[in-house]
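# Tertiary structure, described
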Amino acid sequence: MGSRKIRVAGMSAVALLMLAGCAGAGNHTQAATQPLRVVGQFEFHSLDPSTAGGLFTRLQVAETLVDADVQGVLQQGLAESWSASADGLSWTFMLRPDALFHDGTAVTAEVAASALTAARGKAGTPLATVPVKAISADRNAVRVDLAEPFAPLPAVLAHTSTQILAPSSYGPDQEVSKVVGSGPYQVAHIEPPAKIKLAAFENWHGEKPAISEVTYQAAGRAESRALMAESAQSDVTFGMDPTSLQKIKQAGKLNIADVTLPRTILLKVNSGHQVLGDIQVRRAISLALDRESMATALLRDPEMAATQLFPPSLPDWHQASAKPLEQDPAGARKLLADAGWVRGSDGILERDGRKFTVTLRTFPDRPELPVLATAIQAKLKELGIALDVKVGNSSEIPAGHKDGSLELALFSRNYALVPDALVTLAEDFAPEGGDYGAMGWSDPALTSALHVLASGNDAEKAAESRGKVTDILQGQLPVIPVAWYRQSAVVSPRVEGVILDPLERSWRLSDMTWKKQVTL
Amino acid sequence: MTFSTAKPRALARRAVPPAVATTAMVLGRRAAQAAGVVLLGSTACFAIVQSLPGDIAFRIAAGRYGYDQVTAASAESVRAELGLDRPVWLQLVDWLAGLASFDLGNSLVTGASVAGELGIHLASSLQLAAAALVLALIVGTTAGALAAARPGGVLDRLTIVWVSAARALPPFLLGLVLILLFSVHLGVLPAAGHGEANNIVLPAVTLSVGLSGLFARVTRDAVAQIRQSDYVRFAATKGLGSWLVFLRHICRNTGVTLIAYVGVQVLVLVEGVVVVESLFAWPGLGHALVHAIFWRDIPMIQAAALALALIVVAMNTVVDFATAAVDPRPRHKEAVL
């Protein structure tokens, strides 16, 4: 009886192993016929271009008038050329004549103009902040009339919220009920909130994508995504957390593609605050931060320690010559002492009977933020600053900005929401402040430099103006840079041609190919 | 004349069997309870969400536009669009009025119909819960019944170890272990996801491991106790074979205990799958509810809570009827209902 049981158990184990072997073998031989399996963190709860988080432009289903390459240089999208009138108040975007939507209808100027008008009506989209007077169709061109010159308009029309969808995408109440775009891939099947199947679009004007079928699966947890990559359930996996990435790197079985993003983790400071308004105090906080250790231990990437606000991935704005932000606890103590702060009996700094206690708000959507906040808390405690870290919702930052209750906030800011960082900077460092930028701080020189850049009048002076912006921000610290960002994707060895877009606009699926199999 | 009309009525009254009348009465009572639960539950949800810290318009805007793009301007446009500056009681009355006409409204974040979204998520959750339950029942009751055959024997002690280990292992950890084993090392099952037939296996097994241990213990204790009872000994004495005794007497009586217990566990299962759903990227109700609370999507929270409350009432009703049907003791079923 006993021996029979052992035999049965042994046979089951062998069967299981054979099954595993078959599955493993299948993974290799069927590569060419299988769809490309992409896993990412983005769920989709709405198909509206303003709220779908750019998923459909990443998947190359929908196109915008203007596109950008991986260097951030603007390229033809649905528009093959564009130009501005001499006064900079009227822009014309000539549409690509052969462009077709996935339902076979032509991409006309009327359709594009009405999609842009809808995008402009959505608060919080970059187009809503542009001084647009009217958007109209002019034969085969889209015409945009402005109330004042705005040089980065083409860059704004590369933002995902300005994607052009076919009229058949809209339901009777003008809500987007399906995504009928004009990109190289069309939606074959969609299962909100997490699964999309794509097929190559037969009538795509450009080169046919090498991989004709793609499935996208959203997985909310970074651990789940890592395990999907490790178990060969996904071919390309986006949104990796530092720990899983390190583990996968060490295992050495999968490839890693990475790129530095134009994204910075920073501390927003309320410069109108009675304590933080003092530039010496802001400098002291900056000197207290051990950016290298934070980048090494928490982001697992020492090169990501920020030395200035703009990362090297924003070559126009990053100033190699700028004096780097460094750690100097002694210097920080001296600055605070000069500002009149003395240590109290409990080790907390005091001035005129007021303790140096401030609140820092952050949120967990990016898992490294709460951890970084704790590291900052520890460093400031060494200086005698009591930091109360509140981990809540991202919206508490703009809400606190609005009602003036915000003291410090830690978040990551994407300076290339549109391919030209100027658009985001003009919003963040406007004289009245910005939700994710300055608060209670303005500098006339910075305002005028940004204004000159936005008007686009003086192309020669643009570099000089940008240098001035970087210098002022580095000296005045209305926001305190903490770290830069590297985006990584885990790629199966059977996929080639994965190039990450630092602007996070597109996953460039149409450039990916299956690795050629060597048959013996 | 008066006699002839009265007679059929009396006959008709007598024609309704007492069991049907009782069932109708119980169902009526349960429907009234459900209506009460719906009213209380959704009002409580509304009050709780309103009293949570933070500006609702900002939270909804964060849900809609993502954390990079939620701004004061987008929050204000959300407030104006949804009429969030109207008096709070008016918003509640709107929701209740919608509910009275079976309209769950639209999501504040996605604008989609709440009933549609709820349907998708509820179906996924129920599918997962049902698969886990069937697995747990098969494994748990079989192990329990076998363990009870020899109390204190090897199998009995093994089930105790199994229960302790399964209960001590949090589902999140167990899920990870299963993924590592079956997906990463053996490569036989997908690690996470939804939409393929084999996607359900690992989450269902993760959920069923803990449950099956509990079922095994409950079954084992019930069976062991019933085996000692006078009626089982009498059945054996009168000459029934052990298999017949097991089927007719032990199984049926164990069912009474087990059905009530399973009923409670189903509720815990449907409401407690959040972690497992999130680990396996399973788009269930728990997953939807977490998002909705985070985004302050009030209609979605209310609808999800309402669905869960109705499941509780429905489940309790089913358990009551099933117990009454299985329980051999009462001569009149209305006594237990």
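Above this text is the structure in question.
Note that the structure is predicted; figures quoted are calculated from it, not measured.

## A word on the overall build of chain B
Looking only at helices and strands, chain B features 14 helices and zero strands. Listed N to C, the secondary structure of chain B is α-α-α-α-α-α-α-α-α-α-α-α-α-α in terms of helices and strands. Relative to the compact-globule value of 20 Å for 337 residues, chain B shows a C-alpha radius of gyration of 26 Å, a clear excess of over 25%. When the backbone C-alpha atoms are referred to their principal axes, chain B occupies close to 85 × 85 × 35 Å. In chain B, which comprises 337 residues, the share counted as buried stands at 39%. Considering only contacts within chain B whose residues lie at least 6 apart along the sequence, 73% involve residues at least 24 apart.

## Digging into unusual backbone geometry
Glycine aside, negative phi is the norm for most residues, and most peptide bonds take the trans geometry. All names here are of chain A. For the bond from Pro192 to Pro193, the omega torsion is 5°, close enough to zero to count as cis. One non-glycine residue with positive phi stands out, namely Arg139, at about 50°. Looking at where Arg139 falls in the secondary structure, it is placed in the loop between β6 (132-138) and β7 (141-146). According to the C-beta neighbour criterion, Arg139 is exposed, with 9 such atoms within 10 Å. Residue Leu477 is not a glycine yet carries a positive backbone phi of 45°.

## As for the environment of Gly344 of chain A
Its location among the elements puts Gly344 of chain A in the loop between β13 (342-343) and β14 (349-351). With near-sequence residues (within four places) excluded, Gly344 of chain A lies in contact with Glu350 and Lys355 of chain A.

## Quick notes on the nonpolar core
Core analysis: the biggest nonpolar cluster contains 194 residues, and Leu59, Ala112, Val482 and Ala483 of chain A have the highest contact counts within it. Ranked by residues supplied to this core, first place goes to helix α9 (residues 201-227) of chain B with 13 residues. Not counting residues up to four positions away in its chain, the partners in contact with Ala483 of chain A are Ile265, Arg291, Met294, Ala295, Leu299, Met304, Ala305 and Ala306 of chain A. Counting residues in each nonpolar core, the second largest holds 33 residues, with Ala62, Val70, Ala72 and Leu285 of chain B among its members.

## Section: the interface of chain A and chain B
Contacts between chain A and chain B engage 43 residues on the former and 40 residues on the latter. At the level of secondary structure, the elements contributing two or more residues to the side of chain A that touches chain B comprise α1 (2-29), β10 (213-218), α5 (222-230) and α11 (396-403) of chain A. Along the lines of polarity and charge, the residues of the side of chain A that touches chain B split into 16 nonpolar, 18 polar and nine charged.

## Digging into the packing of helix α6 (residues 114-149) of chain B against helix α7 (residues 154-168) of chain B
Residues and elements named next belong to chain B. One can describe the packing of α6 onto α7 by two numbers: an axis separation of 7 Å at closest approach and a directional angle of 135°. Taken as axis vectors, α6 and α7 run oblique relative to one another. As α6 packs across α7, the resulting crossing turns out to be left-handed. On the side of α6, the interface is formed by Ala143, Gly144, Leu146 and Ala147, while α7 contributes Leu155, Asp156 and Thr159. Looking at the contact of α6 with α7 residue by residue, the classes come out as four nonpolar, two polar and one charged.

## Section: the pairing of strand β16 (residues 357-362) of chain A
As a general feature of sheets, a regular strand has side chains that alternate between the two faces. Residue and element names in this part refer to chain A. Across six bridges, the pairing between β16 and strand β17 (residues 386-391) is parallel. Opposite Leu360, over in β17, you have Val389 as the bridge partner. Since β16 and β17 lie parallel, the crossover through helix α10 (residues 368-383) that links them has a hand, and here it is right-handed. Two strands pair when backbone bridges link them, and β16 and strand β18 (residues 408-414) are joined in this way by two bridges, in the parallel orientation. By the bridge assignment for β18, Leu360 is matched with Leu408.

## Looking at the sheet that holds strand β19 (residues 479-491) of chain A
All names here are of chain A. The ten strands lie next to each other as β8-β9-β10-β1-β11-β19-β12-β18-β16-β17, forming an open sheet whose pairing is mixed. Every other strand in the sheet has two partners, leaving β8 (185-191) and β17 as the edge strands with one partner each. The average angle at which neighbouring strand axes cross in this sheet is 25°, direction not considered. Pairing of strand β9 (residues 195-200) with β10 involves five bridges; the strand directions are antiparallel. Bridged to Leu198 within β10 is Val214.

## Digging into the environment of Pro431 of chain A
Residues and elements named next belong to chain A. Relative to the assigned elements, Pro431 resides in the loop between α12 (421-428) and α13 (444-455). For Pro431, a count of 14 C-beta atoms within 10 Å puts it in the partly exposed group. In the structure, Pro431 is positioned 20 residues away from Phe411 in sequence and 21 Å away in space, judged by C-alpha atoms. Once residues within four sequence positions are removed from consideration, Pro431 is found in contact with Ser442 and Thr447.

## Side note on the pairing of strand β5 (residues 90-95) of chain A
Residue and element names in this part refer to chain A. Across the two faces of β5 the burial differs, with Trp91, Phe93 and Leu95 buried and Ser90, Thr92 and Met94 not buried at all. Of the strand pairs in this sheet, β5 and β7 are connected by five bridges, and their pairing is antiparallel. Considered in β7, the bridge of Phe93 is made with Val142.

## Topic: the sheet that holds strand β4 (residues 79-84) of chain A
Residue and element names in this part refer to chain A. Spatially, β4-β5-β7-β6 is the arrangement adopted by the four strands of the open sheet, whose pairing is antiparallel. Each of the sheet's edge strands pairs with one partner strand only, and the pair in question is β4 and β6. Along the sheet, successive strands turn relative to each other by an average axial angle of 15°, direction set aside. Pairing between β6 and β7: six bridges, direction antiparallel. By the bridge assignment for β7, Ile135 is matched with Val144. Helix α3 (residues 109-120) contacts β5, β6 and β7 of the sheet and is inclined by roughly 160° relative to β6.

About the thresholds
Residues numbered from 1 in each chain as written. Chains lettered and ligands numbered in written order. Predicted model: local features only at pLDDT ≥ 70, side-chain atom pairs only at ≥ 80, totals over all residues. Helix = DSSP H or I, 4+ residues; strand = E, 2+ residues; numbered from the N terminus. Rg over C-alpha atoms; globule rule 2.2 N^0.38 Å. Buried ≥ 20, exposed ≤ 12 C-beta atoms within 10 Å, placed from the backbone. Contact = placed C-beta atoms within 7 Å. Core = buried A, V, L, I, M, F, W, Y, C linked by C-beta atoms within 7 Å. Nonpolar A, V, L, I, M, F, W, Y, C, P; charged D, E, K, R; others polar. Axes fitted to C-alpha atoms, helices over the stretch in contact; angles between N-to-C directions. Parallel < 35°, antiparallel > 145°, perpendicular 65-115°, else oblique. Left-handed = near helix turned anticlockwise from the far one by under 90°. Pairing = 2+ DSSP bridges. Right-handed = clockwise from strand over helix to strand, strands pointing away.

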